[in-house]
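# Architecture at a glance
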Amino acid sequence: MLELQQLSKTYATGDTALRDVSFVVPRGQVMGLIGPSGAGKSTLIRCINRLVDPSGGRILLGDTDLAQVGRSELRRQRRRIGMIFQEYALVERLTVMENVLSGRLGYVPFWRSFTRRFPGQDIENAYRLLDRVGLLEQADKRADALSGGQRQRVGIARALAQEPALLLVDEPTASLDPKTSRQIMRLIIEICDERELPAIVNIHDVPLAQQFMHRLIGLRAGEVVFDGTPAALDEAVLGDIYGAEDWTAMRREHEEDQAAEADATRRVAEVAR
Ligand SMILES: Nc1ncnc2c1ncn2[C@@H]1O[C@H](COP(=O)(O)OP(=O)(O)OP(=O)(O)O)[C@@H](O)[C@H]1O
C-alpha cells in the first residue's frame, strides 16, 4: 500500500507544484493521475521515487517514509519501485533478455552487474516474465528490432523483475497507436491484479484512463480536485479539472481521432477483402 500524507513541493524557483496532496493507493489498485499540463503529475511521481525532494509531507510505502530516507537507504527503497516509461528507456543494443535482467541490477553485487552474470534464479524468473508479457520467442532479439508495443512489454517485464511493491507508470502509451495502447493498458491492469500491486499511472488520454483505470485522481495547480471512479468523472468534473474550454477542445480532438481510427480500420478491412 502507498499512502501520501500532505505531500507538498515548492521548487527553488518559488513554483509550488504540489499542495497538501493526500491519498491511499491500496494493493492491486491502478490509479490514473490526470490533469492539465503543469498540474503537478510528473512532480508527484518524481517525489515518490525521490528524483525530486518533497518540501513537506509523508510518502509511506508500507512502513517506510520515502520522504525521510537517506541516500544509502534510498538505493534499497528504489528497488521496491518499478518504473515504466513513455519512451521505454531500454538499452537498444542489448537483447530483450538482458534488458529484463537489468531490472535485477539493484540486487546483484557490482562485479556481477559489470560482467552481466546473473544468478540462475534471476534468469529463470526473467524467462517467466517474458512469457507472461508474450515475448518469450523474442528473448534473444536486440531491443532495437522490436515494435513500440513489444518494447513497452519489455519495459513492463523489466519493472517486474525488480519484484516491486509499487509501480509508477509515466505515460506508458503516449508513443503507441490506439489499439496497442489498449493492449498495454490491459496488460498493466491484469499484472497489478495478479500481483496485488498498487500502481500510479500518469496519463494524458482521458478516455483511455476512463476505460481502464480502477480509480482516477484529478490534479489542478498542484491540488487534488477529483478522487473517484471513472464513472463519477462526468463532463462537469472534467471541465473543473481542465477548464471548460480546454476540455471541450480535448473532447473534440478525441472524437476526430476516433473517427480517423474507425476509417483506417474500415479501409484495412476493405483491402483485406
Ligand atoms: N525543475 C523544476 N523547477 C522549477 N519548476 C518546476 C520544475 N519542474 C516542474 N516545475 C513547475 O512545477 C509545476 C508542475 O509541473 P509538472 O511538470 O509536475 O506538471 P505536469 O502535470 O507533469 O505537466 P505535464 O503534463 O506538462 O508534464 C509547473 O508549474 C512547472 O513549471
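Parameters and conventions
Residues numbered from 1 in each chain as written. Predicted model: local features only at pLDDT ≥ 70, side-chain atom pairs only at ≥ 80, totals over all residues. Heavy atoms only, no water. Pairing = 2+ DSSP bridges. Helix = DSSP H or I, 4+ residues; strand = E, 2+ residues; numbered from the N terminus. Buried < 20%, exposed > 50% of the residue type's maximum accessible area, 1.4 Å probe, protein only. Lys, Arg positive; Asp, Glu negative; His and termini not counted. Salt bridge = Lys/Arg side-chain N within 4 Å of Asp/Glu carboxyl O. Core = buried A, V, L, I, M, F, W, Y, C linked by side-chain atoms within 4.5 Å. Axes fitted to C-alpha atoms, helices over the stretch in contact; angles between N-to-C directions. Parallel < 35°, antiparallel > 145°, perpendicular 65-115°, else oblique. Left-handed = near helix turned anticlockwise from the far one by under 90°. Contact = heavy atoms within 4.5 Å. Nonpolar A, V, L, I, M, F, W, Y, C, P; charged D, E, K, R; others polar. Near = heavy atom within 4 Å. Polar contact = N/O pair within 3.5 Å; in protein donor to acceptor, adjacent residues only side chain to side chain. Areas by Shrake-Rupley, 256 points an atom, 1.4 Å probe, with all protein chains shown as cover.

## Things to note about the sheet that holds strand β5 (residues 64-65)
Taking strand neighbours across the sheet as the criterion, the four strands line up as β2-β1-β4-β5 in an open arrangement whose pairing is antiparallel. Looking at which strands have only one partner, the edges of the open sheet turn out to be β2 (16-25) and β5. Where strand β4 (residues 56-61) meets β5, two bridges bridge the pair, whose relative direction is antiparallel. By the bridge assignment, L61 is partnered in β5 with T64.

## Describing helix α9 (residues 235-242)
Residues V237, L238, G239, I241 and Y242 constitute the buried set of α9. Positioned one or two residues after α9, G243 has a phi angle of 90°, which is positive.

## Topic: the side chain of R153
Along the chain, the position of R153 falls in helix α6 (residues 148-161). Summary of buried charges: R153 has no salt-bridge partner, and the nearest side chain of opposite charge, E190, is 7.7 Å away.

## Points about the nonpolar core
The biggest cluster of nonpolar side chains holds 51 residues, and the ones touching the most others in it are I34, L130, V133, I156, L167, M213 and L233. Take this core: its biggest share by element is seven residues, from helix α7 (residues 178-195). L7, V52, I81 and L168 belong to the second-largest nonpolar core, a separate cluster that totals 26 residues.

## Comments concerning the packing of α6 against α7
As a packed pair, α6 and α7 sit with axes 10 Å apart at the nearest point and diverge in direction by 15°. Relative to α7, the element α6 lies roughly parallel. When the axes of α6 and α7 are compared, the crossing they make is right-handed. Note on element contacts: α7 touches α6 through T180, Q183, I184, L187, I188, I191 and R195, opposite G149, Q152, R153, I156 and L160. Considering only residue class, the contact of α6 with α7 consists of six nonpolar, four polar and two charged.

## Some points on the site of the ligand
What surrounds the ligand is a group of 13 residues, the closest being S37, G38, K41, S42 and T43. In this structure, Y11 approaches the ligand through a side-chain N or O atom, which is 3.4 Å from a nitrogen atom. In this structure, H204 approaches the ligand through a side-chain N or O atom, which is 3.2 Å from an oxygen atom. Here the ligand loses 63% of its free accessible area of 630 Å² to cover by the protein chains. Of the residues forming the shell around the ligand, the biggest block, three residues, is contributed by helix α1 (residues 41-48).

## So, the pairing of strand β6 (residues 81-84)
Alternating residues of β6 divide into I81 and M83 and G82 and I84, and every residue in both groups is buried. Bridging between β6 and strand β7 (residues 166-170) involves four bridges; their strand directions are parallel. When the bridges of β7 are listed, G82 appears paired with L167.

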